[in-house]
Amino acid sequence: MIERSRLRPAPGWTLLEMAVVLVIAALLAVVVLPLLPLGAKMGAQELAEQRLSQAQDALVGYSLSHFRLPYADQDGDGREDIGALAGRLPGSTLGLADNAPMGYAVKGELAAAADPMLYNPDLPVVAGVATTPLANGLDFCVRLAGTLNNNGLHVGGTVASAFALSHRLADGGGQAVPISISSAYNGPAAGDASLLTNGLGMGELYARMGCIERLPRAYAAAQSAQTAQSEYLLADLHKTTRDFYQEIADLDRDNAQIAVDFAAFDLALGLIQVAMSAVMAVPDLVPPEDAFKVAVAIAQGIIAAAQIGTTVYALVQAAAQAKEDAGTGYQAALNSKAAAAAQLARITELRNAAALKARQLDATGLNP
């Protein structure tokens, strides 16, 4: 007897399973499809923000190397047009490989040519060190510091910016539209959802360039050099005074020597006069009755001679003491002069070192 084979269902989807899959796919389409344009928009925004950040870094780098910000590009060639405060970002001038169409505006005085006299402290002259001022980053720091409290560009707020950037998001997958900022003191129109703006505050630019550290340090070095110069002038005046006192002491010593010579001459002259008086008091022939008178006269002459000798000797002694004192004063003046010269040499060395440091900082500017 032949057995009947059992019937088995063929493999495949049931109608119920297919219905469940279709429902799930429909739900996913409802949820995911509306998010696809949003994802594309977010990707475009991230790209625009990245380009704005790169442009901002390029502008900071340009200011570090050129000591000013670039002007805007108005003719679309990628290079700055002198005097243009608003237009496109000058990508070629900044060395940007991707010259994306971005709007750019700059505060006019920050784009002006570098002025080497903005930071030019009165420093002492040091031999072998150039004194001609050269423009560098310190001059731009001074200019930037002078504008911190002034009006600047306002991009979506009240903070004054040194420059402003704008980037148009792509619409419908099309190419980004270039944006021009109409005024150097007003940012792009607010409320435009397809327009991204970016500005760098003047204080932030001041900090990113290193002005916060370098400019005060340069000014401090200049102040130290100026103080050292004042001390040098005082030391030089002191040495000049010591030189004058030494010359006076030298004259005093010479005068004392002259006084001693005159005193010795007076002593010799007095003795000669006394001797002559005594001789003249004795006649050739003295009568016997006048011998006593003559003896008395001679005795008086001898006494007078002794008194004169004593007086003149005292004068000679006084002159000799004055000469000795003058010699001591002269030596003291020489010692004081030598000390003043040594002090001047030390202060000159310190002054030169301080001036050299200040000039080196001035020449270095914002370079490492």
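Cut-offs and rules
Residues numbered from 1 in each chain as written. Predicted model: local features only at pLDDT ≥ 70, side-chain atom pairs only at ≥ 80, totals over all residues. Heavy atoms only, no water. Disulfide = S-S within 2.5 Å. Helix = DSSP H or I, 4+ residues; strand = E, 2+ residues; numbered from the N terminus. Buried < 20%, exposed > 50% of the residue type's maximum accessible area, 1.4 Å probe, protein only. Polar contact = N/O pair within 3.5 Å; in protein donor to acceptor, adjacent residues only side chain to side chain. Core = buried A, V, L, I, M, F, W, Y, C linked by side-chain atoms within 4.5 Å. Contact = heavy atoms within 4.5 Å. Patch = residues over 30% accessible without salt bridge, like charges linked within 9 Å, V, L, I, M, F, W, Y side chains within 5 Å. Areas by Shrake-Rupley, 256 points an atom, 1.4 Å probe, with all protein chains shown as cover. Salt bridge = Lys/Arg side-chain N within 4 Å of Asp/Glu carboxyl O. Phe/Tyr/Trp six-rings, centres within 6.5 Å; stacked < 30°, edge-to-face > 60°. Lys NZ or Arg CZ within 6 Å of the ring centre and 35° of its normal. Lys, Arg positive; Asp, Glu negative; His and termini not counted. Pairing = 2+ DSSP bridges. pLDDT = per-residue confidence, 0-100.

As for the state of the cysteines
Then step 1. Inspection of the entire model under this criterion finds one disulfide.
Then step 2. Disulfide pairing is shown between C141 and C211; the S-S distance is 1.9 Å. Because the sign of the S-S torsion sets the handedness, a value of about -75 degrees for the bond joining C141 and C211 places this disulfide among the left-handed ones. With a gap of 70 residues between them, C141 in helix 5 (residues 137–146) and C211 in helix 7 (residues 211–280) connect regions that are remote in the sequence.
Then step 3. What makes C211 buried here is its relative accessible area of 0%.

Observations regarding helix 5
Then step 1. The element helix 5 is extensively covered by neighbouring structure, given that eight of its 10 residues are classed as buried.
Then step 2. Restricting attention to buried positions, one finds in helix 5 the residues G137, L138, D139, F140, C141, V142, R143 and L144.
Then step 3. The distance from a side-chain oxygen at the start of helix 5 to the backbone nitrogen of L138 is 2.9 Å, and the residue carrying that oxygen is N136.

As for the nonpolar core
Then step 1. In this structure, L59, L69, L89, Y104, F163, L165 and L205 are the most contacted members of the largest nonpolar core, which totals 48 residues.
Then step 2. Setting aside its immediate chain neighbours within four residues, L205 contacts V60, S63, L69, F140, L144, A162 and L200.

Here we look at a nonpolar patch on the surface
Then step 1. A cluster of nonpolar side chains, contributed by F244, Y245 and I248, occupies part of the molecular surface with about 280 Å² of accessible area.
Then step 2. In this fold, Y245 is placed in helix 7.
Then step 3. Judged by relative accessible area, which is 39%, Y245 ranks as partly exposed.

With respect to the packing of aromatic side chains
Then step 1. Applying the stated criterion across every chain, the model contains three aromatic pairs.
Then step 2. Look at Y119 and Y219: their rings are 5.1 Å apart centre to centre, the planes differ by 70 degrees, and that puts the pair in the edge-to-face class. Within this pair, whereas Y119 is found in the loop between helix 4 (108–111) and helix 5, its partner Y219 is found in helix 7, the two being separated by 100 residues in sequence.
Then step 3. Under the relative-accessibility criterion, Y219 is labelled partly exposed at 39%.
Then step 4. For the ring pair F244 and Y245, a centre distance of 6.3 Å and an interplane angle of 45 degrees mean the geometry is tilted.
Then step 5. Residue class for F244 comes out partly exposed when judged on its relative accessible area of 47%.
Then step 6. The ring of Y232 has R351 lying over it, and the distance from NZ or CZ to the ring centre is 4.1 Å.

Description of the pattern of salt bridges
Then step 1. Evaluation of the coordinates by the stated rule reveals six salt bridges.
Then step 2. The closest approach of N and O atoms between D243 and K239, which form a salt bridge, is 3.1 Å. Taken together, the residues D243 and K239, both in helix 7 and four residues apart, mark about one turn of the helix.
Then step 3. D243 sits in the buried class, given a relative accessible area of 18%.
Then step 4. Assessed through its relative accessible area of 22%, K239 is described here as partly exposed.

Regarding the environment of G199
Then step 1. Inspection of the secondary structure puts G199 in strand 5 (residues 195–201).
Then step 2. In this structure G199 comes out as partly exposed when scored by relative accessible area, which is 29%.
Then step 3. Placed 94 residues apart in sequence, G199 and A105 show a C-alpha to C-alpha distance of 9.4 Å.

Description of the side chain of D362
Then step 1. Inspection of the secondary structure assignment puts D362 in helix 8 (residues 291–364).
Then step 2. Although D362 is buried, it forms no salt bridge, and the closest oppositely charged side chain is R359 at an N-O distance of 5.6 Å.
Then step 3. Beyond its immediate chain neighbours, meaning those up to four positions away, D362 contacts Y119, N136 and L138.

Concerning the pairing of strand 5
Then step 1. Of all seven residues making up strand 5, five are buried, and the element is well covered by its neighbours.
Then step 2. Note that strand 4 (residues 160–168) and strand 5 share seven bridges and pair antiparallel. Each bridged residue has a counterpart across the sheet, and for A164 the counterpart in strand 5 is G199.

Here's the deal with the confidence of the model for the protein
Then step 1. Of the residues in the protein, 67% have a pLDDT of 70 or more, and the chain-wide mean is 75.
Then step 2. The secondary-structure element of the protein with the lowest mean pLDDT is strand 3 (residues 153–154), recorded at 55, while helix 4 shows the highest, at 89.
Then step 3. Counting contacts from residues 1–5, a segment whose pLDDT is below 50, to residues more than four positions away or on other chains yields zero contacts.
Then step 4. Here residues 171–191 scores under 50 on pLDDT; set against residues more than four positions off or in separate chains, the count is 42 contacts.

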